[in-house]
Every structure is written in structure tokens, then in C-alpha cells.
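# An overview of the molecular structure
Residue-level listing of the chains:
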Amino acid sequence: MGNCLVAQSGGPTAVINASLAGVIRANQLNPVYDRVLGGLNGIEGVLEGRLYDLTELPARELEILKQTPSSALGTCRYKLKRGNDADYRRLVEVMDAHEVDVMFYIGGNDSMDTVDALSEWAAANGCAKRFVGIPKTVDNDLVPVDHCPGFPSAAKLACQVTHATRLDYDAYTRPEVFVLETMGRDAGWLAASCCASGDVDLLLLPEVPFEREAFLAQVQRTMDETGSCYIVVSEGARYADGTYLSAGEAANDGFAHAVLGGAALTLKQMIVDAGIAPRGVVQDLSRAARSSNFAQSLVDMTEAYELGLSAHMRSADPAFTGMVVGVAPRVDLDAPYDARFFAGPASAFANYVRPFPAEWILPDYQGVADEALRYFRPLIEGEPKLVYEGGIPATVVPFSRR
């Protein structure tokens, strides 16, 4: 029957391992492949031939794997570039050496581009290897899906932290501002989701160019009216010319991305320097939003696992390659939530960024429209029943560390 290979890439999420568990469990129930091999540290590790046999993972370890955040196989930021035949041929050599027919790649935008590139190369070079994508990203910026696995859990944690810190903030009478920073380089989905808590006064998203004086006027108005101002900002917030509120030099990660972080601190200092408040508090969600399993969304974990099952099931068709599974867009946000899965070509997922809808953004940094709240709320419903050890949720020892 041949073997299959699963690898993870890009930024981790709270449920990325649930998709991995889905592929493994699906093959245990319906052994389409002789072995399920895990590629350690993404495509980079696969090219080095670093694989781990996951076929017979025990039921208990599979259950704990489902609730383990971050990437249990390890991840990478290696860019498999079109035209680099050496990498493509090396990958086929590794797959041949381990009798691998199909590779599942769990990742975000760049990973889906890798699925597309590998499929194109295989077709052009008469190679029978097949490649299937399973999406994940806390940024929720992939098209053409309703949402991405990983985002609902990140949004749930963001809402919980927003509400908890708002209660803490409101306990004081001293004049100060509070600024919460979330991830989101090019799309403000995660920052916007904080509004589902009902605690956000002002919201800054990458989709709306930052205007300093207009923003400070809104902070002043809010402070004058209520004596407080709770602000949420996406790390990718930027001026009209594209300059980020706060960013370092381009990272050496193969993608030339600017190193983001510090937008909240920049805003706080801007407000203090303007004399609107004598002090401010900054909270940075950063990696906690993507690797915290104590705040997983039941919807998110269930869908991530079932997408792993779906990818495996669909791959039984020998013609299934260059495809990505996903959650289909909702037609009616007022209807009871009922996820539907679909598969589409990787080319439709790769190299596109889905911004937070402009029609859902209120003017003057006032938050989001009710339609956005109807979109968010079903996704953060429910909590999985977690296995605890020593008072904290149990996790597996990462396969990349064994």
C-alpha cells in the first residue's frame, strides 16, 4: 500500500496536533497506508531525512496529542522555492527511501503554497507522489475558508484575557490607559475577536490606516467620558504609507518579514506623551494565544481533528493531490452553527491574504459591527474535556525532542 508522511510548518497553534492525530487515527481505523511517518521540523527536516514512525501511537497518547498545543513534530520557516529542483528531487529521494506515496502538510499560507508547488512539479516531471494540505493559522487569513483551525482557540483565549484584564483595570480609579496587543501581521481577525468580550473601547487593525491625531482624539474623548480607555491593537497596525507602528529589521526567516512587536508599547507612550493619561499598562498576548491548550475551543479542536480525518479519507482517491481541506464559508450567520468540510485546489489557498471585512469595522476605532460578533461567537463555544497531570493539562513529549 505504501506509506504516508505528515509534517507541520509555520507558527504553531493550540490545535495543530489535533489535525495530526486525525491523520494517524484515520489510518488506524482504515489503513490506507502501511505506515504513518512524521517529518520532524517541517519540510526542512524531511529534506534531511528526519522522520518518526507514528503508525502505532497508543490511544491514550493520541488523546493527549489532540490537546497538546504547539507543533509536536516541530516546525520550520524554510521556503521551498519554485525552480529549486535540487530540493524537489531530494524530497522525492527521501519519500522513495521510505516508500512514501502521499505527503500531508499542516500549515498556513506558505505551507499551502508548498503543497501547490510540489504538486505542480510532480505533474511536470512525471512523478507519482501526491501532496495534500491541511490548513492552520491563528491569523485566520486564508481563503477561501470560513475560518482556519487554530484561530477559534486563539480568539477564545484573547477574549478571556481581555475580560480578565479589563476587570483588573476597572478595579482602579487612577487615570491610566490599557493597551492589549495581539498577533496579526496583515489581517486583524484576532484583534477584532477581542470585541466579542464586550470590553474593548478602541480597536486598531492593519486594515485601517493609523491616523495619530484622530486616534488620540478618540482616546481623549473616551477618557473624558468614562475615566478609562481599553485599547486592542494588532501587531500589524500601520500608517497609510505602510509603515508599521512598531517593527524591527526584516527577519532572516526566508520570507523577509519584518519583526513585529511593540505596537502596544508605542501607543501607550504616544498617549502618555500627548498628556492624555499619566501612565499606561501594556499586555502582549503574543505566543500565548497560539500555544495555550487550557483555553481551547471545543469547536476548534473538533474541526482540526476532523479535517485530519477528512484529508486522510480523501487521499484514498489516487487522483487526490494538490488539494487542501477546509471549513466551508457560512451562508447565514444567524443560522445554527454547522461546519461543512470541503476540498479545493491548493492554488486557491496559497499566496492570498483574507483581510478582516471592511464592512465589519466601525469608524473612529470604535470596534466591530454586530455581524462580526455573530461570526466570532459560535467559534469560541465549548471546552474539550482535558486530561490533567500535576494540575495542568497533559501534553506529549514532542516527537522532535525524542
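Let us look at the structure shown here. All of these numbers come straight from a predicted model, not from anything done at the bench. (Residues numbered from 1 in each chain as written. Predicted model: local features only at pLDDT ≥ 70, side-chain atom pairs only at ≥ 80, totals over all residues. Heavy atoms only, no water.)

## Digging into the packing of aromatic side chains
One pass over the full model with this rule turns up 19 aromatic pairs. Note on F151 and F376: the rings are 6.1 Å apart at their centroids and 45 degrees apart in plane angle, and the pair reads as tilted. Residue F151 is found in helix α6 (residues 151-170), and its partner F376 is found in helix α12 (residues 370-376); the two are separated by 225 residues along the sequence. Just as F151 is buried, F376 falls in that class too. An angle of 55 degrees between the planes, with centres 6.5 Å apart, marks the rings of F210 and Y365 as tilted. (Phe/Tyr/Trp six-rings, centres within 6.5 Å; stacked < 30°, edge-to-face > 60°. Helix = DSSP H or I, 4+ residues; strand = E, 2+ residues; numbered from the N terminus. Buried < 20%, exposed > 50% of the residue type's maximum accessible area, 1.4 Å probe, protein only.)

## A look at the sheet that holds strand β11 (residues 280-284)
Read from one edge of the open sheet, four strands run β7-β8-β6-β11, paired in parallel fashion. Two strands lie at the open edges of the sheet, namely β7 (202-204) and β11, each paired on one side alone. Within this sheet the neighbouring strands show an average axis-to-axis angle of 15 degrees, counted without direction. Note: strand β6 (residues 177-182) against strand β8 (residues 229-234), six bridges, orientation parallel. Considered in β8, the bridge of F178 is made with Y230. (Pairing = 2+ DSSP bridges. Axes fitted to C-alpha atoms, helices over the stretch in contact; angles between N-to-C directions.)

## Overview of helix α10 (residues 298-314)
The terminal C-alpha atoms of α10, which comprises 17 residues, lie 24 Å apart, in line with the 24 Å expected from a rise of 1.5 Å per residue. What α10 keeps buried is the set V299, D300, M301, E303, A304, Y305, L307, G308, S310, A311 and H312. Between the side-chain oxygen of the N-cap and the backbone nitrogen of V299 there are 3.2 Å, and the N-cap of α10 in question is S297. (Expected span 1.5 Å × (residues − 1). Polar contact = N/O pair within 3.5 Å; in protein donor to acceptor, adjacent residues only side chain to side chain.)

## Some thoughts on α6
Between its first and last C-alpha atoms α6 spans 28 Å; for 20 residues at 1.5 Å apiece the expected length is 28 Å, and the two agree. Counting buried residues in α6 gives 14 out of 20 residues, a clear majority hidden from the surface.

## Describing the sheet that holds strand β3 (residues 51-53)
On the basis of which strands lie adjacent, the open sheet formed by seven strands has the order β3-β2-β1-β4-β5-β12-β13 and mixed pairing. A strand with exactly one partner marks an edge of an open sheet, and here the two such strands are β3 and β13 (341-345). Put simply, the sheet's adjacent strands are angled 25 degrees from each other on average, direction ignored. Direction of pairing for strand β5 (residues 130-135) relative to strand β12 (residues 323-327): parallel, over a ladder of two bridges. Within β12, the residue paired with G133 across the bridge is V324. The sheet contacts of helix α1 (residues 16-29) involve β1 (3-8), β2 (36-39), β4 (100-107) and β5, and relative to β1 the element is tilted by about 175 degrees. Sheet strands touched by helix α5 (residues 109-124): β4, β5 and β12. Its angle to β5, the strand with the most contacts, is close to 165 degrees. (Contact = heavy atoms within 4.5 Å.)

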